[in-house]
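Residue-level structural notes
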Amino acid sequence: MPGKVAKIGTFSDWEGMFNDWRKDIGVNTADIEAFHFDTLYGAIDTEEIEFGSYKGRRKWENLRQIPTQQMRDALMNMIVYQGDTEFASVEQQRNLLENAPTDWDRRAITRVMIEEMRHGWQMCALLVDHFGYSGKVEAQKMLERRAFENKRLLGAFNVDVDNWMDFFTYTDFVDRDGKFQLQMLKYSAFAPLGRSMSYMLREEAFHMGTGNDGLRRIVEAGVIPGWLIQKYLNKWISSSYDLFGTDHSSSAHWAYVWGVKGRYDEPKNEQAPDLDDLNDYNRNLYRDEVSGLIERFNIALKPGQPKLYAPHIKFNREIGRWAGQKYHAQTGEPLDDRAYEEHLKEYMPSAEDKKLLLEIIGTEKKWIAEKAGARDPLASIGEVRKSAINL
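What comes next is a walk through the structure. (Residues numbered from 1 in each chain as written. Predicted model: local features only at pLDDT ≥ 70, side-chain atom pairs only at ≥ 80, totals over all residues. Heavy atoms only, no water.)

This next bit is on the overall build of the protein. Scanning the protein for helices and strands turns up 12 helices and two strands. Ordered by position in the sequence, the α and β elements of the protein form the string α-α-β-α-α-α-α-α-α-α-α-α-α-β. Across its three principal directions, the C-alpha atoms of the protein cover 60 × 50 × 40 Å. When the 391 residues of the protein are sorted by exposure, 57% land in the buried category. Across the protein, contacts joining residues at least 24 apart in sequence account for 77% of those joining residues at least 6 apart. Total accessible area on the protein is roughly 17100 Å²; 49% of this is exposed by carbon and sulfur atoms. Within the protein, one finds 52 positive and 61 negative side-chain charges whose respective centroids are separated by 2 Å. (Helix = DSSP H or I, 4+ residues; strand = E, 2+ residues; numbered from the N terminus. Buried < 20%, exposed > 50% of the residue type's maximum accessible area, 1.4 Å probe, protein only. Contact = heavy atoms within 4.5 Å. Areas by Shrake-Rupley, 256 points an atom, 1.4 Å probe, with all protein chains shown as cover. Lys, Arg positive; Asp, Glu negative; His and termini not counted. Charge placed at Lys NZ, Arg CZ, Asp CG, Glu CD.)

Moving on: helix α5 (residues 132–142). By the criterion of burial, α5 is predominantly enclosed, with eight of the 11 residues buried. Gly-135, Lys-136, Val-137, Glu-138, Ala-139, Gln-140, Lys-141 and Met-142 are the residues of α5 that are buried. Looking at the buried side of α5, the elements it contacts are α1 (11–25), α3 (69–93) and α4 (103–130).

Following both chains from N to C, one finds helix α6 (residues 164–186) and helix α10 (residues 278–300) inclined at 140°, their axes separated by 11 Å at the closest point. For the element pair α6 / α10, the angle class is oblique. As α6 packs across α10, the resulting crossing turns out to be right-handed. Seen from α6, the contacting residues are Asp-172, Phe-173, Val-174, Arg-176, Asp-177, Lys-179, Phe-180 and Met-184; seen from α10, they are Asn-282, Leu-285, Tyr-286, Glu-289, Val-290, Leu-293, Ile-294 and Phe-297. (Axes fitted to C-alpha atoms, helices over the stretch in contact; angles between N-to-C directions. Parallel < 35°, antiparallel > 145°, perpendicular 65-115°, else oblique. Left-handed = near helix turned anticlockwise from the far one by under 90°.)

This part takes up the pattern of salt bridges. Under the criterion given, the structure shown has 38 salt bridges. Note that Asp-103 and Arg-106 form a salt bridge whose closest N and O atoms lie 2.9 Å from each other. Taken together, the residues Asp-103 and Arg-106, both in helix α4 and three residues apart, mark about one turn of the helix. Overall, Asp-103 belongs to the partly exposed group, its relative accessible area being 48%. Arg-106 gets classed as partly exposed once you look at its relative accessible area, which sits at 28%. Between Glu-342 and Lys-345 there is a salt bridge, and its shortest N-O distance comes to 3.3 Å. Here Glu-342 and its partner Lys-345 are both found in helix α11 (residues 337–347), three residues apart, which amounts to about one turn of the helix. Put simply, Asp-24, Asp-84, Glu-91, Arg-145, Arg-146 and Arg-152 are held in one network by salt bridges that share partners. (Salt bridge = Lys/Arg side-chain N within 4 Å of Asp/Glu carboxyl O.)

Below is the structure:
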């Protein structure tokens with residue numbers, strides 16, 4: 001938005017826009033209205049920069065300490081993209097509040113939305129407090145874009161999440177990509193960003209757990225056929241591969257050199273990084289984790305059902321070296337145009353598949369197993385904040 005004018009002067013002004021945004025998108029329920037949003041900073045492992053050209057120097061507390069404008073711009077861009085995904089996910093899931101399978105699930109999605117909003121709040125607090133006029137403009141724009149108008153910055157965050165299979169798969173796998181991104185930012189040389197990650201990661205764990213357990217309950221119930229579950233795994237996991245960014249990324253290269261974003265396993269990884277392949281390195285770590293989780297679902301499958309799997313890393317890609325190319329979802333073998341067109345019908349959700357899914361959810365009371373012995377998600381929402389430094 002060239003020439004965009006900031007409507008806010010302080011973070012309190014931004015809070016007013018945030019409250020209006022909640023009402024505008026239709027999620028300002030009584031539980032959300034009652035929640036006290038705040039900015040939380042936790043501990044970081046070390047005050048020294050952990051990697052890159054500035055390794056060993058003290059981490060930066062403000063923008064004046066960051067050596068170049070190019071580095072400041074890259075850092076702000078990362079914060080903007082991270083915050084944009086948080087608000088987008090609430091917009092994507094907003095229509096699910098009224099048709100949850102159980103009261104526990106309704107309260108769980110309410111908590112997920114609250115915490116995603118708080119994550120966006122946290123990123124906007126960084127923008128307003130540290131990035132001057134440009135930061136205020138970006139924080140404002142964060143609340144002006146809409147996922148349902150296809151205006152969010154990343155394509156996966158403009159897709160409707162309008163049924164509970166979508167929701168559970170999204171929170172298990174798209175939010176898991178979020179965990180990877182947050183962990184990489186936790187090592188940032190910009191200390192306020194690193195400190196922001198501690199509580200965001202602890203909150204993100206509930207989102208992933210909600211999705212993973214929801215899928216387990218679906219598999220365990222055995223009502224939705226495995227082939228249909230697999231199609232939704234293919235849809236959201238392949239989208240998540242793209243969220244790690246393009247291969248041979250100069251942005252990832254320089255973010256590492258400057259110390260603003262590390263590898264997912266940075267403190268444990270003593271090998272020199274391949275700066276030309278950082279995104280793909282993290283993407284493959286993600287796929288390994290996802291594959292292990294899906295293997296656990298297979299334990300709950302009814303006898304005779306085909307095993308579930310993580311789609312091949314080449315399948316359905318829109319970013320990177322495999323973008324727009326045609327590969328088999330399970331084997332990764334190349335396919336010609338006609339074969340791939342047929343393959344997508346068999347391996348990705350169609351309108352007919354969605355209709356069948358909604359019929360099952362609407363008519364079969366036991367399409368998902370009961371959530372047994374679980375605490376009220378909203379009663380425990382504040383536990384990760386008990387020792388927070390509230391600034």
